[in-house]
Amino acid sequence: MDYDIVISGGGIAGLTAAAAFGQAGFSVLCVDPTPPITERDTAGADLRTTAFLQPAQQFLSDAGLWAALADHAMPLEIMRIVDAGGPTPEPRVTKDFNAADISDLPFGWNLPNWLLRREMAAHLAKMPKVDFRPGTGTTTLFTREAEARVGLTDGSRVRCRLVIAADGRNSPMRQAAGIDVKTTRFGQKALAFAVTHPIPHCNVSTEIHRTGGPFTLVPLPDHNGLPSSAIVWMEEGPNAQELYALDDAAFETAMSDRSCHLFGPLKLASRRTIWPIIAQEATHLTGQRLALVAEAAHVVPPIGAQGLNMSLRDLSTLLDLAKAQPDHLGDAKMLGAYHRARMPDIRARVAGITALNKTSMLSNPLLRDTRAAALDALYSIKPVRETLMQLGLGAK
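Residues numbered from 1 in each chain as written. Predicted model: local features only at pLDDT ≥ 70, side-chain atom pairs only at ≥ 80, totals over all residues. Heavy atoms only, no water.

A.B. asks: I tried to follow the overall build of the protein chain on my own but got confused; where do I start?
C.D. replies: Assigned secondary structure in the protein chain consists of 11 helices and 20 strands. Whereas a compact globule of 396 residues would reach a radius of gyration of roughly 21 Å, the protein chain reaches 21 Å, a difference of no more than 12%. In terms of overall dimensions, the protein chain has C-alpha extents of about 65 × 40 × 40 Å along its principal axes. Evaluated residue by residue, the protein chain yields a buried proportion of 56% over its 396 residues. Intrachain contacts of the protein chain at a sequence separation of at least 6 include 73% that bridge at least 24 residues. Summed over its atoms, the accessible surface of the protein chain is roughly 16,300 Å², and 54% of this surface lies on carbon and sulfur atoms. Of note, the protein chain has its 39 positive side-chain charges centred 5 Å away from the centre of its 40 negative side-chain charges. (Helix = DSSP H or I, 4+ residues; strand = E, 2+ residues; numbered from the N terminus. Rg over C-alpha atoms; globule rule 2.2 N^0.38 Å. Buried < 20%, exposed > 50% of the residue type's maximum accessible area, 1.4 Å probe, protein only. Contact = heavy atoms within 4.5 Å. Areas by Shrake-Rupley, 256 points an atom, 1.4 Å probe, with all protein chains shown as cover. Lys, Arg positive; Asp, Glu negative; His and termini not counted. Charge placed at Lys NZ, Arg CZ, Asp CG, Glu CD.)

So, in structure tokens, the structure goes:
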């Protein structure tokens, strides 16, 4: 056997998987057809950020990654929900979900995706059990009861006991295994970029609801001496494309208005990127000698920092099963247990976030009023508020 595990996909989930399984003593090959872009201002850099919630941070620590990330991470102390669905773009309901109500720790820690790739790739290079090959992709999958054989773009073929598909929403390994997906399209796109602003964010993540989708500001470290935030702005597709095409000055005016000027005038501090919003879940999480994780298994709109944190719960479950019975790595019993453990949570969270996103898109004034009233009512009931926060952190 060439490796215990082959990981298809070198995004954040794939790199984390390589570190975690390598740290646990398994031999790992991780491949991705595109080398990671590890500089903020390089064309093609992923300008989105990832908020690692408490359980995810612990998983990164156990994998040996957190020590390299901690100094770059911005703690998220408060999640602020703002309803601005009235006649004019101004706050009418504002509610703070404070981590101190349920924990001594922040809700999570925010890091830029390009920096995560840089630090994770550097860490893997030091791990004797991990072979990370950026610029090499997977092409074929052949499995039988005892092993999997994976064809690579360099013409070689490797043998392993388990293939982990962390290769995105259009996963080649999932397709090779013939596993179907259920996809929901919202007609939305998201713009992602970084800004500076004169009013400090005070480690508060702010999600502003009006119409088309939420406008979310997540704290970043200061940039050029000014407070800075990462923004994900979700809009109906045509509106998002029009915004994307605006010159910088017009775009800054539009985003400052959409932010209700809560942080003063916003100034672009990066390029803009744009991508379509969907919800998606695989009909099954496993095939013979194959486990789906992350966006190969599930895709959700960027609401509540759930996407990658769901992915790390996939990895944590899979790793626990592998460590409990390493001799059964990748066999039908192990993979069946993985599917049963993760599928109910995935289905519930995809459905819940899909419903939240549809609510955030409301344009009818009466329905927007109902949304504001519901936020006010739910927040006012302390046990409900605390339960929502615990669910957001990953409690079942």
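A.B. asks: Help me understand the packing of aromatic side chains, please; the structure alone is not making it clear to me.
C.D. replies: Working definition: an aromatic ring pair is given by the centre-to-centre distance plus the angle between the planes. Taken as a whole and assessed by the stated rule, the structure comprises five aromatic pairs. Ring pairs connect the aromatic residues F193, F215, W233 and F251, which therefore count as one cluster. The aromatic ring of W275 is capped on one face by R48, whose charged end is 5.0 Å from the ring centroid. The ring of F251 has R272 sitting right over it, with the charged end atom 4.2 Å from the ring centre. (Phe/Tyr/Trp six-rings, centres within 6.5 Å; stacked < 30°, edge-to-face > 60°. Lys NZ or Arg CZ within 6 Å of the ring centre and 35° of its normal.)

A.B. asks: Before we go on, may I ask you to explain the nonpolar core in this structure?
C.D. replies: Note that soluble globular proteins tend to have their nonpolar side chains buried in a common cluster. Ranked by internal contacts, the top residues of the largest apolar core, which has 84 residues, are I5, I7, F21 and F52. With eight residues, the top contributor of residues to this core is helix 1 (residues 12-23). Not counting residues within four places of it along the chain, the set of residues in contact with I7 comprises G14, A17, A18, V28, L29, C30, V31, I164 and A166. Counting 17 residues, the second-largest nonpolar core is a separate cluster that includes F193, I231, L243 and F263. (Core = buried A, V, L, I, M, F, W, Y, C linked by side-chain atoms within 4.5 Å.)

A.B. asks: Explanation requested: the pairing of strand 5 (residues 78-83) in the structure shown.
C.D. replies: Two faces make up the sheet, and in a regular strand the side chains alternate between them. Burial of strand 5 is extensive: five of the six residues sit out of reach of the surface. Of the pairings in the sheet, the one linking strand 5 to strand 6 (residues 93-98) comprises six bridges and is antiparallel in character. The partner of I78 across the bridge, within strand 6, is N98. Pairing geometry for strand 5 and strand 13 (residues 204-209), over six bridges, is parallel. Note that in strand 13 the partner of M79 across the bridge is S205. (Pairing = 2+ DSSP bridges.)

A.B. asks: Sorry if this is basic, but what is going on with helix 2 (residues 54-62) here?
C.D. replies: Note: α-helices contain 3.6 residues per turn, so residues at a spacing of three or four share the same orientation. Taken residue by residue, helix 2 has Q54, A56, Q57, F59 and L60 as its buried positions. Just downstream of helix 2, G64 is the residue with a positive phi angle, here 85 degrees.

A.B. asks: I'm lost on the environment of A176 in this one. Help?
C.D. replies: One can find A176 in helix 5 (residues 172-176). Once the C-alpha coordinates of A176 and P302 are considered, the two residues, 126 residues apart in sequence, prove to be 28 Å apart.

A.B. asks: Can you help me understand the packing of helix 1 against helix 8 (residues 307-324) in this one?
C.D. replies: Any two packed helices are characterised by the angle at which their axes cross and by the distance between the axes. Look at helix 1 against helix 8: their axes get within 10 Å of each other, and the N-to-C directions meet at 25 degrees. Taken together, the axes of helix 1 and helix 8 lie roughly parallel to each other. Crossing geometry of helix 1 relative to helix 8 is assigned as right-handed. Two secondary-structure elements touch here, helix 1 through I12, A13, T16, A17, A20 and F21 and helix 8 through L308, S311, L312, L315, L318, L319 and A322. Within the contact of helix 1 with helix 8, the residues separate by chemical class into 11 nonpolar, two polar and no charged. (Axes fitted to C-alpha atoms, helices over the stretch in contact; angles between N-to-C directions. Parallel < 35°, antiparallel > 145°, perpendicular 65-115°, else oblique. Left-handed = near helix turned anticlockwise from the far one by under 90°. Nonpolar A, V, L, I, M, F, W, Y, C, P; charged D, E, K, R; others polar.)

A.B. asks: Sorry, what's going on with helix 4 (residues 113-124) here?
C.D. replies: If you check helix 4, its first and last C-alpha atoms are 16 Å apart, about what 12 residues at 1.5 Å a residue would give, namely 16 Å. For helix 4, the buried fraction is high: 10 of the 12 residues fall into the buried class. Listed as buried for helix 4 are N113, W114, L115, L116, R117, E119, M120, A121, H123 and L124. Check the buried side of helix 4 and you find it contacts helix 1, strand 3 (49-53), helix 2, helix 3 (66-69), strand 7 (108-112) and strand 8 (130-134). (Expected span 1.5 Å × (residues − 1).)

A.B. asks: How should I be thinking about the sheet that holds strand 7 in this particular structure?
C.D. replies: Think of a sheet as strands paired side by side through backbone hydrogen bonds, with each pair either parallel or antiparallel. Ordered by their spatial adjacency, three strands build an open sheet running 3-7-4, and the pairing between neighbours is antiparallel. Every other strand in the sheet has two partners, leaving strand 3 and strand 4 (74-76) as the edge strands with one partner each. Across the sheet, the mean angle separating the axes of adjacent strands is 30 degrees when strand polarity is ignored. Note: strand 4 against strand 7, three bridges, orientation antiparallel. Considered in strand 7, the bridge of M74 is made with N110. Contacting strand 3 and strand 7, helix 2 crosses the sheet at an angle of about 95 degrees to strand 3.

A.B. asks: Could you clarify how one ought to interpret unusual backbone geometry in this entry?
C.D. replies: Note: most peptide bonds trans; most residues except glycine with negative phi. Even without being a glycine, C202 presents a positive backbone phi close to 55 degrees. With respect to the secondary-structure elements, C202 resides in the loop between strand 12 (181-196) and strand 13.

A.B. asks: Looking at this structure, how should I read the pattern of salt bridges?
C.D. replies: Side-chain pairing between opposite charges can occur once the charged atoms of the two side chains come close. One pass over the structure, following the stated rule, counts 17 salt bridges. The partner of R133 in a salt bridge is D131, with the nearest N and O atoms 3.0 Å apart. A salt bridge links R313 to D345, with the shortest nitrogen-to-oxygen separation between them at 3.6 Å. Note that R313 is positioned in helix 8 and D345 in helix 9 (residues 332-360), a separation of 32 residues in sequence. For the pair R313 and D345, a shared accessibility class is recorded, and that class is buried. (Salt bridge = Lys/Arg side-chain N within 4 Å of Asp/Glu carboxyl O.)

In short, shape yes, function no, at least from these values alone.
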